[in-house]
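This is what each chain is made of:
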Amino acid sequence: MRTPTESSLIPYITQRKGEEAGPDNLFLREYAKDRFRLHYRDEVPEDRDLRGVLWARCSFNPLDERGRPTGEPQWKLMHPYRQRMTMQMLRCQVCTERARTPLGFIFLAGPRDVEPDALRVLTNQPPVCARHARSAARLCPHMEGNPMVFLAQSAPMYGVIGTLYGYGENGVQVMAQPHDPLPYGHQNLPTFLASQLVRRLGTFEVVDLDELLRELAAPAAWPAAPLRVNSMPRPVPSSQAGPAPLQLLRGGTS
């Protein structure tokens, strides 16, 4: 059961009611013989990530006096831009502070998402800071109160989840929504519209959350300056929103 404090704690990445996709103004431009790249007709640099992949647009609700997004939370959805920025910058998905702890990065997953002896783990869930790890585990129904907790020493960017476009009977249209993320460098990325950034956990171990937090509380914690939510870079205006982001493929937000 969520406590009153937890019920008012909404992760920054959670999409809110009123944050919607805008008109679809996608087109394909030929950049080499029989090779095309997906574009917005009114594209701006912020529409693409660091690797040049085009991203789904979604509008933004007004911010409150604390600089937090407003609106009823849509718990099973992550706002594509907020997910992208927290994952790209390795910030806590709840508060946007730096997520690295003295022992590594904390990533959460549902109890049946990953085999305990898996050698490779991909995640679309941004990390959590030590302060919000326990609350994030309790808030997310997907965690079932018994999350898998990964302590990773590194988490390099892997690829993106989203929608593949191409030419059809009605012009530019959806061709596929792959279940698995496309790795950066994949041949289909030029015509792909991303909605979630995926990282690969490197040099990780599965740990007990309570034991981890006790260990983190023992030594003096190193300071981590918070990143104010209203200082997060913002993309195009809400009136220039685009195709709807995909629902989470690996569980809801925390």
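Just above sits the structure.
Scope of this entry: the structure provided in the associated data block. Given the structure is predicted, the values throughout are model-derived calculations rather than measurements.

**Some details on the pattern of salt bridges**
Summed over all chains, the structure comprises seven salt bridges. Put simply, Arg-57 and Asp-42 hold a salt bridge, and the shortest N to O gap is 3.0 Å. Here Arg-57, found in the loop between β4 (54-55) and β5 (73-78), pairs with Asp-42, found in the loop between β3 (35-40) and β4; they are 15 residues apart in sequence, far enough to count as distant. What makes Arg-57 buried here is its relative accessible area of 4%. With relative accessibility at 30%, the residue Asp-42 sits in the partly exposed group. The salt bridge involving Glu-97 is made with Arg-131; its shortest N-O contact spans 4.0 Å. With a gap of 34 residues between them, Glu-97 in the loop between α2 (80-89) and β6 (105-109) and Arg-131 in the loop between β7 (121-123) and α3 (133-139) connect regions that are remote in the sequence. For Arg-131, a relative accessible area of 64% translates into the label exposed. Several salt bridges converge on common partners, so that one network encompasses Asp-42, Asp-47 and Arg-57.

**Describing the packing of aromatic side chains**
Inspection of every chain in the model, using the stated rule, returns three aromatic pairs. Their ring planes at 75 degrees and their centres at 5.8 Å tell us that Phe-60 and Tyr-81 sit as a pair that is edge-to-face. Of this pair, Phe-60 sits in the loop between β4 and β5 while Tyr-81 is found in helix α2, placing the two residues 21 residues apart along the sequence. When sorted by exposure, Phe-60 lands in the same class as Tyr-81, which is buried. The ring of Tyr-31 carries Arg-37 above its face, with NZ or CZ at 4.2 Å from the centroid. When the ring centre of Tyr-40 is taken as origin, the NZ or CZ atom of Arg-57, which lies over that ring, is 4.0 Å away.

Parameters and conventions
Residues numbered from 1 in each chain as written. Predicted model: local features only at pLDDT ≥ 70, side-chain atom pairs only at ≥ 80, totals over all residues. Heavy atoms only, no water. Salt bridge = Lys/Arg side-chain N within 4 Å of Asp/Glu carboxyl O. Helix = DSSP H or I, 4+ residues; strand = E, 2+ residues; numbered from the N terminus. Buried < 20%, exposed > 50% of the residue type's maximum accessible area, 1.4 Å probe, protein only. Phe/Tyr/Trp six-rings, centres within 6.5 Å; stacked < 30°, edge-to-face > 60°. Lys NZ or Arg CZ within 6 Å of the ring centre and 35° of its normal.

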